[in-house]
Amino acid sequence: MTIQEIENQLVDEFAAFDDWLDKYDLILDMGKSLPPIDPKYKTDQYLISGCQSKVWLFAEYRDGKVYFTADSDAIITKGIVSMLISVLSGQAPDAIQSADLNFIDRIGLKEHLSPTRSNGLASMVKQMKLYAMVFKMKS
Amino acid sequence: MPIDIQKVRADFPILSHTVYKRPLIYFDNAATTQKPLQVIKAISDYYENDNCNIHRGVHYLSMKATEAFEEARKEIREFINAPSTHEVVFTKGASESLNLVAASFGKKFLKPGDEVVTTIMEHHSNFVPWQIICEEKGAVLRVANILADGDLDTRHLYSLISEKTKIIALTHVSNVLGTINPLKEIIAHAHRMGVPVLVDGAQGVAHAKVDVSDLDCDFYCFSGHKMYGPMGIGVLYGKEKWLEELPPYQSGGEMVKDVRIERTTFNELPFKFEAGTPNVEGVTGLRAAVQYLKNIGMEEISLYEDRLLKRAVEGLSSISDMRFYGTAPEKASLVSFLIGDIHPFDAGTIIDKMGIAVRTGHHCAQPLIDHFGIPGTVRASFAFYNTADEIDRLTEAVSRVKRMFA
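Nothing here was measured: the structure is a model prediction, and the numbers come from that model.

S.K.: Quick question: what am I supposed to make of the sheet that holds strand β4 (residues 88–91) of chain B here?
M.R.: For sheets, the rule is that strands pair by backbone hydrogen bonds, running either parallel or antiparallel. All names here are of chain B. Reading across the sheet, the 7 strands line up as β4-β10-β9-β8-β7-β5-β6 and stay open at both edges, with mixed pairing between neighbours. On the outer flanks of this sheet lie β4 and β6 (140–144), each paired with one strand and no other. Between one strand axis and the next, the sheet turns by 20° as a mean value, whatever way the strands run. Of the strand pairs in this sheet, strand β8 (residues 197–200) and strand β9 (residues 219–223) are connected by 3 bridges, and their pairing is parallel. Paired with Val199 across the strands is Tyr220, a residue of β9. Sitting on the sheet, helix α5 (residues 128–137) is in contact with β5 (115–119), β6, β7 (165–171) and β8, with an inclination near 145° to β6. Across the sheet, helix α7 (residues 183–192) touches β7 and β8, and the angle it forms with β8 is around 155°.

This is the structure:
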């Protein structure tokens, strides 16, 4: 699936709920379903530091595609990390770099990507795109 | 007269708002309080009828605005029982008041090897300015510990005071723990050792009657916006003998007496510390806030807020795995907590979605949060416009968070 198709699917999933608490229940479920990161990458080297919650991000490049794994110490952050990974992981560097990720806004979670929110997510998106750029240059 | 809660709430328009389709419950009062109509109206009245630059015009409006500005200073002097109006300096807020004293006091009195004593429960505003000036002057910042319940370890504090100590800078009330420090006892002790005391009153002044003469503190700093007044206005109270000795903090118009090419002489107190056009709008709003608080009565406010605190502690304690930070016997109306191992960011996000504004994180007191070895806390801080019913809704919200993350 393309990035856009996955984004649309996520937006539809959230549209089924009216109450914000139900939407957050879904985010929690997504957080729980995030494939674990290899513990050896859960170090300061892979840490994206936010003021409130932390995110660890690792990426590798196989057959022209970028694969991400990640974790967070806060479950809501982890849920959003999980969505970003489902959208971007396994995509080509060009597609990752040009993704505008407006699904976050369409779902109504824009606040979480605001740099002032200080939860590491805004920096995480930057870091994912940076990985894509570096892999593309190296390949 | 006991607080008429319906009447009080009607004074605060923002309290009738809904968020996420739920009635707003505002428990972030330690960050900033909401403003009553009386304050909002005072500000719009000022711009509609009185706006003018003060202290220098000879025309009607300027004199009227100057008079109102200086009347406000009198009112604030009376509110904190300062001996004289020229000991009341207007600033941008508590942070600026604290920076002013740290910079000016440090410039004049700190030498290499001198010491400044503070505590681990300080807000960054009363920590970082001292850290900076100590580094600049080669002085040492000594930090007093707290006890397990969040009370200040006064024995440790006293053990840090020596002939090297030039000043003690401590908070009246901890913005994270709620602990009310025994200022009178500490100040008397410090003065016996010949050491002046600065008090960060940002969290103190809105919750109980503050009497700077009775406390005998050398400096007392606070913000207007945490006491139902506007943002961008604050106060530095300082004893005359200190303010006379401190060099000016910023320079410009208003703070000078005579400017010649060779040298400048500075204006008298308090104008020496009020460079530039002052925040007349802010002072006007702050005056209205002080009048509002006086009408309700600081004793009634304290009693009412204590009851809210008691209800919150009882309600939240009924939930298992609650971890409270700050359980000192003398405590202002806020609770800082974690729900088991749930990240404070997670808890705060869900509580917000239930329409309740709480604060999460380190609350600008990182040394304190590090001391506990936690990522932060959830803090609910109460004001006299909050209700028992709202407190019960917080308890329900916390139970809900616990179920969601189970």
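So that's the structure; there's more coming.
S.K.: Honestly, the packing of aromatic side chains in this entry has me stumped. Any pointers?
M.R.: Working definition: an aromatic ring pair is given by the centre-to-centre distance plus the angle between the planes. For the structure shown, the criterion picks out 24 aromatic pairs over all chains. Look at Tyr131(A) and Phe135(A): their rings are 6.0 Å apart centre to centre, the planes differ by 15°, and that puts the pair in the stacked class. Residue Tyr131(A) and its partner Phe135(A) are located together in helix α7 (residues 121–138), separated by 4 residues, close to a single helical turn. By relative accessible area, Tyr131(A) is classed as buried at 18%. In this structure Phe135(A) comes out as buried when scored by relative accessible area, which is 13%. Both rings, one in Tyr325(B) and one in Phe372(B), keep their centres 5.0 Å apart while their planes meet at 70°; by these two values the pair is edge-to-face. Taken together, the residues Tyr325(B) in the loop between β13 (322–324) and β14 (334–339) and Phe372(B) in helix α13 (residues 366–372) connect sequence positions 47 residues apart. Overall, Tyr325(B) belongs to the buried group, its relative accessible area being 9%. Of the residues examined, Phe372(B) reaches a relative accessible area of 23% and is grouped as partly exposed. An aromatic cluster is present here, built from Phe12(B), Tyr228(B), Tyr292(B), Phe384(B) and Tyr385(B) joined pairwise through their rings.

S.K.: Help me out: how do you make sense of the packing of helix α2 (residues 20–32) of chain A against helix α12 (residues 344–353) of chain B in this one?
M.R.: The relative placement of two packed helices is expressed as an angle between their axes plus a distance between the axes. As a packed pair, α2(A) and α12(B) sit with axes 9 Å apart at the nearest point and diverge in direction by 155°. With respect to each other, α2(A) and α12(B) are oriented roughly antiparallel. Crossing handedness for the pair α2(A) and α12(B): right-handed. Facing Trp20(A), Leu21(A) and Tyr24(A) of α2(A), the residues of α12(B) in contact are Thr349(B), Ile350(B) and Lys353(B). Partitioning the contact of α2(A) with α12(B) into residue classes produces 4 nonpolar, 1 polar and 1 charged.

S.K.: I keep staring at the layout of surface pockets and nothing clicks. Help me out?
M.R.: Leftover empty space is mapped by rolling, across the atoms, a probe with the size of a water molecule. Residues and elements named next belong to chain B. By volume, the largest pocket is sized at about 940 Å³. What lines the largest pocket is a set of 45 residues, and nearest its centre among them are Asp28, Ala31, Arg359, Thr360 and Arg379. Looking at the lining of the largest pocket, the elements that each hand over two or more residues are α4 (94–109), α12, β15 (356–357) and β16 (359–361). Here the residues of the lining of the largest pocket sort into 14 nonpolar, 20 polar and 11 charged. In terms of domain composition, the lining of the largest pocket takes at least three residues from each of domain 1 (5–30 + 297–401) and domain 2 (41–294). In this model, the second largest pocket occupies a volume close to 360 Å³. Along the walls of the second largest pocket sit 21 residues, with His172, Ile180, Ala208, Lys209 and Ser302 positioned nearest its centre. For the lining of the second largest pocket, the element with the highest residue contribution is helix α11 (residues 298–317), accounting for 3 residues. Of the residues contributing to the lining of the second largest pocket, the split by class is 7 nonpolar, 6 polar and 8 charged. Looking at the lining of the second largest pocket, you find at least three residues from each of domain 1 (5–30 + 297–401) and domain 2 (41–294).

S.K.: Quick question: what am I supposed to make of the confidence of the model for chain B here?
M.R.: When pLDDT is low, close inspection of the predicted coordinates is not appropriate. Per-residue pLDDT for chain B averages 96, and the proportion of residues at 70 or more is 100%. For this predicted complex, the interface confidence reaches an ipTM of 0.86, while the overall pTM sits at 0.93.

S.K.: Hey, could you run me through the pattern of salt bridges in this one?
M.R.: Any two side chains of opposite charge can pair, so long as their charged atoms come close to each other. Enumeration over the complete set of coordinates arrives at 31 salt bridges over all chains. The salt bridge involving Asp18(A) is made with Lys21(B); its shortest N-O contact spans 3.5 Å. Within this pair, whereas Asp18(A) is found in the loop between α1 (3–15) and α2, its partner Lys21(B) is found in the loop between β1 (18–19) and β2 (22–23), the two belonging to separate chains. Asp18(A) sits in the exposed class, given a relative accessible area of 60%. A salt bridge links Lys184(B) to Asp214(B), with the nearest nitrogen and oxygen atoms 3.0 Å apart. You can see Lys184(B) sitting in helix α7 and its partner Asp214(B) sitting in helix α8 (residues 212–215), a full 30 residues away along the chain. A network of salt bridges, in which partner residues are shared, links Glu75(B), Glu78(B), Arg287(B) and Lys294(B).

S.K.: Help me understand the interface of chain B and chain A, please; the structure alone is not making it clear to me.
M.R.: Frequently, the measure chosen for interface size is the accessible area that the parts lose on association. If you look at the interface, chain B gives 16 residues, while chain A gives 20 residues. When chain B packs against chain A, close to 1,700 Å² is buried across both sides, 59% of that on carbon and sulfur atoms. Where chain B meets chain A, there are 2 salt bridges. A salt bridge links Asp19(A) to Arg22(B), with the nearest nitrogen and oxygen atoms 2.9 Å apart. Top contributing element to the side of chain B that touches chain A by residue count: α12(B), with 5 residues. By residue class, the composition of the side of chain B that touches chain A is 6 nonpolar, 5 polar and 5 charged.

S.K.: What's the story with the domain arrangement of chain B in this structure? I'm lost.
M.R.: All names here are of chain B. Assigned domains within chain B: domain 1 (5–30 + 297–401) and domain 2 (41–294). For domain 1 versus domain 2, the separation of C-alpha centres amounts to 28 Å. Contact with domain 1, which involves 37 residues of that partner, is made by 30 residues of domain 2. Regarding the contact of domain 1 and domain 2, the summed buried area is about 2,700 Å², with carbon and sulfur atoms giving 60% of it. Linking domain 1 with domain 2 are 0 salt bridges. Here domain 1 is connected to domain 2 by 18 residue pairs in polar contact (both at pLDDT 80 or more). Of all elements in the fold, only α11, β14, α13 and β17 (377–381) reach the threshold of two or more residues within the side of domain 1 that touches domain 2. Considering every element that reaches the side of domain 1 that touches domain 2, the biggest residue donor is α13, with 6 residues. Classifying every residue of the side of domain 1 that touches domain 2 by side-chain character gives 20 nonpolar, 11 polar and 6 charged.

Criteria and cut-off values
Residues numbered from 1 in each chain as written. Chains lettered and ligands numbered in written order. Predicted model: local features only at pLDDT ≥ 70, side-chain atom pairs only at ≥ 80, totals over all residues. Heavy atoms only, no water. Pairing = 2+ DSSP bridges. Helix = DSSP H or I, 4+ residues; strand = E, 2+ residues; numbered from the N terminus. Axes fitted to C-alpha atoms, helices over the stretch in contact; angles between N-to-C directions. Contact = heavy atoms within 4.5 Å. Phe/Tyr/Trp six-rings, centres within 6.5 Å; stacked < 30°, edge-to-face > 60°. Buried < 20%, exposed > 50% of the residue type's maximum accessible area, 1.4 Å probe, protein only. Parallel < 35°, antiparallel > 145°, perpendicular 65-115°, else oblique. Left-handed = near helix turned anticlockwise from the far one by under 90°. Nonpolar A, V, L, I, M, F, W, Y, C, P; charged D, E, K, R; others polar. 1 Å grid on protein atoms, 1.4 Å probe; cavity = no way out; pocket = protein on both sides within 12 Å on 5 of 7 lines; lining within 4 Å. Points joined across faces, edges and corners; volume = space filled by probe spheres on them. Domains from an automatic or database assignment. pLDDT = per-residue confidence, 0-100. Salt bridge = Lys/Arg side-chain N within 4 Å of Asp/Glu carboxyl O. Buried area = accessible area lost by both parts, 1.4 Å probe. Polar contact = N/O pair within 3.5 Å; in protein donor to acceptor, adjacent residues only side chain to side chain.

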